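Chains, contacts and geometry: an overview
Each chain, written out:
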Amino acid sequence: MAVFVALGAFLMTLAGGWVAQRVTDRRHLVLGFAGGLMLGVVGLDLLPEAIEVTGDPVFGVPAALLLFVGGFLAAHLVERLLAVRQAAHGVSGERVPQVGLTAAAAMVGHSLMDGIALGAAFQIGGGMGAAVALAVISHDFADGFNTYTLTSLYGNDRRKAFWMLLADALAPILGAATTLLFTLPEELLGGYLGFFGGALLYLAAAEILPEAHHTHPARSTLLCTVGGVGFIWLVVGLAR
């Protein structure tokens with residue numbers, strides 16, 4: 001089931017890359033809604049479930065919350081390392097193609113982890129799997145958009161941008177397929193979902209939502225974000 005759902009992520013990633021070539025002025029609304037979906041999944045479903053299935057607290061703090069913070073910091077560290085490298089190569093004011101490829105490769109690695117999280121969630125249950133699937137599929141549109149944009153922004157030709165986009169689209173399927181080979185213990189699954197939730201929240205708060213409001217700090221963008229959170233609340237309420 002997880003691999004089948006990952007096909008949705010594959011299509012959404014390609015759709016994001018396609019839109020990146022034909023972007024319109026409504027991009028901020030799409031990103032705002034995607035950010036709201038990601039925030040809702042993390043706060044209203046994924047993190048509570050992770051806390052419930054993990055084991056004893058570690059020094060007074062639930063293990064899932066510690067890993068949640070760790071996932072947030074790990075995503076922040078990766079983003080900062082890429083920013084430092086970009087700054088180091090951008091002193092002359094010229095675009096360095098390798099920087100774009102490195103950033104796109106990081107997106108591919110993130111999408112691979114998306115697929116693993118998807119498979120792990122379906123091992124817990126269909127409800128959790130559906131919630132994570134919604135998060136993965138919704139933000140993979142932005143992943144595809146950003147992968148193509150980052151690759152081409154730094155001077156790489158359209159062929160390289162397309163191949164990086166294709167790799168990013170295939171990564172969730174490969175990640176989900178690996179979970180067919182093993183079954184993770186419930187406590188380990190909860191810890192991993194906590195870590196994934198932290199990384200997902202960072203992407204929403206530091207990448208997706210700021211990008212949505214960067215050139216269009218409009219009320220409609222904010223309403224789309226709130227609508228995304230509200231939609232997840234409705235899904236969680238109906239599922240339970």
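For the structure given in this document, a descriptive report is provided here. All values reported here derive from a predicted model rather than from experimental measurement. (Residues numbered from 1 in each chain as written. Predicted model: local features only at pLDDT ≥ 70, side-chain atom pairs only at ≥ 80, totals over all residues. Heavy atoms only, no water.)

**A short note on the overall build of the protein**
- Looking only at helices and strands, the protein features 8 helices and 0 strands.
- What you see in the protein, going N to C, is helices and strands ordered as α-α-α-α-α-α-α-α.
- Taken over 240 residues, the protein has a buried fraction of 42%.
- Taking the intrachain contacts of the protein between residues at least 6 apart in sequence as the baseline, contacts between residues at least 24 apart amount to 84%.
- Of the roughly 11,800 Å² that the protein leaves accessible, carbon and sulfur atoms contribute 71%. (Helix = DSSP H or I, 4+ residues; strand = E, 2+ residues; numbered from the N terminus. Buried < 20%, exposed > 50% of the residue type's maximum accessible area, 1.4 Å probe, protein only. Contact = heavy atoms within 4.5 Å. Areas by Shrake-Rupley, 256 points an atom, 1.4 Å probe, with all protein chains shown as cover.)

**A closer look at a negative patch on the surface**
- Residues Glu52, Asp56, Glu186 and Glu187 make up a contiguous surface patch of negative charge.
- Mapped onto the elements of the fold, glutamate 186 is located in helix α7 (residues 186-214). (Patch = residues over 30% accessible without salt bridge, like charges linked within 9 Å, V, L, I, M, F, W, Y side chains within 5 Å. Salt bridge = Lys/Arg side-chain N within 4 Å of Asp/Glu carboxyl O. Lys, Arg positive; Asp, Glu negative; His and termini not counted. Charge placed at Lys NZ, Arg CZ, Asp CG, Glu CD.)

**A look at α7**
- Its 29 residues place the ends of α7 40 Å apart at the C-alpha level, agreeing with the 42 Å of an ideal helix rising 1.5 Å per residue.
- Along its length, α7 reaches its greatest deviation from straightness, about 35°, at alanine 204. (Expected span 1.5 Å × (residues − 1). Bend = angle between axes of the 7 residues up to and from the residue.)

**Here's the deal with a nonpolar patch on the surface**
- A contiguous nonpolar surface patch, about 420 Å² in accessible area, is contributed by Val58, Phe59, Val61 and Leu66.
- Structurally, leucine 66 can be placed in helix α3 (residues 63-89).
- Overall, leucine 66 belongs to the partly exposed group, its relative accessible area being 41%.

**Details of the packing of aromatic side chains**
- Enumeration according to the criterion identifies 2 aromatic pairs in this entry.
- Considering the side-chain rings of phenylalanine 72 and tyrosine 202, the 5.1 Å spacing of their centres and the 85° angle between planes classify their relative orientation as edge-to-face. Remark: tyrosine 202 occurs in helix α7 and phenylalanine 72 occurs in helix α3; sequence separation between them is 130 residues.
- Summarising the aromatic geometry, the rings of phenylalanine 162 and tryptophan 163 are spaced 5.6 Å apart at their centres and angled 65° between planes, so their arrangement reads as edge-to-face.
- Residue classification places phenylalanine 162 among the partly exposed residues on the basis of a relative accessible area of 42%. (Phe/Tyr/Trp six-rings, centres within 6.5 Å; stacked < 30°, edge-to-face > 60°.)

**Digging into the nonpolar core**
- Among the nonpolar cores identified, the biggest contains 38 residues, and Met38, Leu46, Leu118, Val132, Leu193, Phe196 and Leu200 are the most heavily contacted of them.
- At the level of secondary structure, the elements contributing two or more residues to this core comprise α1 (2-21), α2 (27-53), α3, α4 (97-124), α5 (126-153), α6 (158-178), α7 and α8 (219-239).
- If one sorts the elements of this core by residue count, α7 sits on top with 9 residues. (Core = buried A, V, L, I, M, F, W, Y, C linked by side-chain atoms within 4.5 Å.)

**Considering the side chain of aspartate 168**
- Mapped onto the secondary structure, aspartate 168 falls in helix α6.
- Excluding anything up to four places from it in sequence, aspartate 168 contacts Thr13, Met107, Val108, Ser111, Asp143, Gly144 and Thr147.

**With respect to the environment of phenylalanine 231**
- By the element assignment, phenylalanine 231 lies in helix α8.
- Assessed through its relative accessible area of 37%, phenylalanine 231 is described here as partly exposed.
- Along the sequence, phenylalanine 231 and valine 41 sit 190 residues apart, while their C-alpha atoms lie 9.7 Å from each other.
- Beyond its immediate stretch of four places on either side in the chain, phenylalanine 231 contacts Leu37 and Leu134.

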